[in-house]
Amino acid sequence: MNVKPYIIAEFGVNHEGDPAKCFKAIEAVKASGANAIKFQHYIPQELFPDKPERKKWELPKHTWEMIAKMCDKGKLDWGISLFCSTWNMAPWFLDLGIKFLKVASREINVWPKITKKVKCPWWIISTGYLDNVQLWPVSTETRMLDADINFTMLACKSDYPCKTPPLLRIRPGMIDGYSCHTEGDWAMKASVSLGASTLEKHFTLSHDDYQISGFRDHVHAWDPKELNEFMGWLDEYTNSVGS
């Protein structure tokens, strides 16, 4: 029996501070049939002190409230990656009804402490900064945490784009999913066949946005057409193997 994986479109900060792009992305992800859209929230001057232009990428609280209402109306799950000192923002994000919080790869060593401070319905943990020697002790320790903590660990490699994805790290029951930074769709399709239960793929409204801002994510992310094509393939795959 095959269970259709949970698909997250990682919009991150590809809105670059434009709320209208957030709303268009929500509509596009909902139309594709994906399960969720994910954003990022950080304090630019702390995380990227050498890139003052990213200050404008911050979204005010009222925009987050609009995002929450739009996702709720469209019955689309949504979540956030928080970084460093922005974890003190978690309570009001949770009040907005988010489905999950993601612990980014750079936070992997502190996330057990975070879970004691922030109560979240579902944690998603990326392992992109760990090599194989480090990965298994961390994943084993994570599995021994409080049973009340609901979480999924994602195989990942923090290269953008990633040319050698760590697909063999996917082990159902331990590393349950995959966060994809690879161009094209082959790695996502391979991860499905390996039994990944949760898949995350970066998403952009247009690859052409790279020509405007130079932000690397627009290159390896999927646009709406590519996301739709993958979701169509996923339906066919799931039906062909049984669900």
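Before reading on, note that the structure itself is shown above.
The structure reproduced in this document is the subject of the present report. (Residues numbered from 1 in each chain as written. Predicted model: local features only at pLDDT ≥ 70, side-chain atom pairs only at ≥ 80, totals over all residues. Heavy atoms only, no water.)

1. Topic: the packing of aromatic side chains
Phase 1 of the analysis: In total, this model carries 11 aromatic pairs according to the counting rule given.
Phase 2 of the analysis: Relative to Phe 203, the ring of Phe 11 lies with its centre 6.1 Å away and its plane at 50 degrees, an arrangement referred to as tilted. Residue Phe 11 is located in strand β1 (residues 6–12), and its partner Phe 203 is located in the loop between β8 (198–202) and α8 (209–213); the two are separated by 192 residues in the primary sequence.
Phase 3 of the analysis: Accessibility expressed as a relative area gives 1% for Phe 11, which makes it buried. (Phe/Tyr/Trp six-rings, centres within 6.5 Å; stacked < 30°, edge-to-face > 60°. Helix = DSSP H or I, 4+ residues; strand = E, 2+ residues; numbered from the N terminus. Buried < 20%, exposed > 50% of the residue type's maximum accessible area, 1.4 Å probe, protein only.)

2. Quick word on the side chain of Lys 102
Phase 1 of the analysis: In this structure, Lys 102 sits in strand β4 (residues 100–103).
Phase 2 of the analysis: Among the polar contacts made by the side chain of Lys 102, one reaches the side chain of Glu 200 at a distance of 2.6 Å. (Polar contact = N/O pair within 3.5 Å; in protein donor to acceptor, adjacent residues only side chain to side chain.)

3. Some thoughts on the pairing of β8
Phase 1 of the analysis: Of all the 5 residues making up β8, 5 are buried; the element is thus mostly covered by neighbouring parts of the structure.
Phase 2 of the analysis: Side-chain alternation along β8 places Thr 198, Glu 200 and His 202 on one buried face and Leu 199 and Lys 201 on a second face that is also buried.
Phase 3 of the analysis: Bridge analysis of β1 against β8 gives 5 bridges, and the strand direction is parallel. Note on β8: the bridge partner recorded for Glu 10 is His 202.
Phase 4 of the analysis: In the sheet, strand β7 (residues 177–180) pairs with β8 via 4 bridges, with the strands oriented parallel. Across the sheet, residue Tyr 178 finds its bridge partner in β8, namely Leu 199.
Phase 5 of the analysis: What joins β7 to β8 is helix α7 (residues 186–193), and the crossover it makes is right-handed. (Pairing = 2+ DSSP bridges. Right-handed = clockwise from strand over helix to strand, strands pointing away.)

Limitation: the analysis is restricted to geometry and does not speak to function.
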